[in-house]
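Results of the structural survey
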Amino acid sequence: MFYYLRQWLHCLKIYALICAFISGPDRLPHGLHCVFLSVFSYFLLGFALVDSERGYATVAVQIIIELSLLALVALAGLKWKGVLSRFNQTYSALVGINLVISAVTLPVFHLIVDDSNIETAVPSTLIYVTMAMVFWNLAVLSQIFKRSFNVNTIMSAMIAFNYFVVYQFVVIWF
């Protein structure tokens, strides 16, 4: 058990390096234990979003939708390029970067929202931070798609943007 935990902590370091555009999914282990621990941690982190408007079930369904769409995009892209053997690493990277970006985003949003009265108006700082986080997430997703699918930057950016649009439509529809 400690071996898997230590390896997952190493994966967390690689996820952070991927988010900083220093590393890629090829440095992650092929095993599924890092994926499972990252998904579990992502659910725990997601439950920090539970409030009077969103219950546990709503947050869990949104996370399941997000992780399912990421798996479908990864599976489709890797099958298209004929490199399905990279699925565990790619999916681990996709889940891991969402975990890291969410772990950075949540405290920042709580700082901004606590400092202002969100009931009256949305502060412009919140809009700017949200846009920065969305662009950062899309850029990191694009980098993972580029390295995993062996495509150019424009194609990987289009894949990441289309994933984001589909995810937003599905969540709004839900």
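Our structure's up above, just so we're on the same page.
Residues numbered from 1 in each chain as written. Predicted model: local features only at pLDDT ≥ 70, side-chain atom pairs only at ≥ 80, totals over all residues. Heavy atoms only, no water.

**As for the nonpolar core**
Membership of the largest hydrophobic core comes to 44 residues, with the highest contact counts inside it found for Ile18, Leu67, Ile97, Leu141 and Phe145. Sorting the residues of this core by element identifies α1 (2-19), α2 (33-46), α3 (56-81), α4 (87-115), α5 (124-149) and α6 (153-173) as the ones contributing at least two each. Among the elements that take part in this core, α3 stands out by supplying eleven residues, more than any other. (Core = buried A, V, L, I, M, F, W, Y, C linked by side-chain atoms within 4.5 Å. Buried < 20%, exposed > 50% of the residue type's maximum accessible area, 1.4 Å probe, protein only. Helix = DSSP H or I, 4+ residues; strand = E, 2+ residues; numbered from the N terminus.)

**Regarding the packing of α5 against α6**
Direction vectors running N to C along α5 and α6 enclose 125°, while the axes themselves pass 8 Å from each other. By the angle between their directions, the pair α5 and α6 is classed as oblique. The two elements α5 and α6 cross, and the hand of that crossing is right-handed. For the pair formed by α5 and α6, the contact residues are Val134, Leu138, Leu141, Ser142, Phe145, Lys146 and Phe149 on the first element and Thr153, Ser156, Ala157, Ile159, Ala160, Phe161, Tyr163 and Phe164 on the second. Here the contact of α5 with α6 is composed, by residue class, of eleven nonpolar, three polar and one charged. (Axes fitted to C-alpha atoms, helices over the stretch in contact; angles between N-to-C directions. Parallel < 35°, antiparallel > 145°, perpendicular 65-115°, else oblique. Left-handed = near helix turned anticlockwise from the far one by under 90°. Contact = heavy atoms within 4.5 Å. Nonpolar A, V, L, I, M, F, W, Y, C, P; charged D, E, K, R; others polar.)

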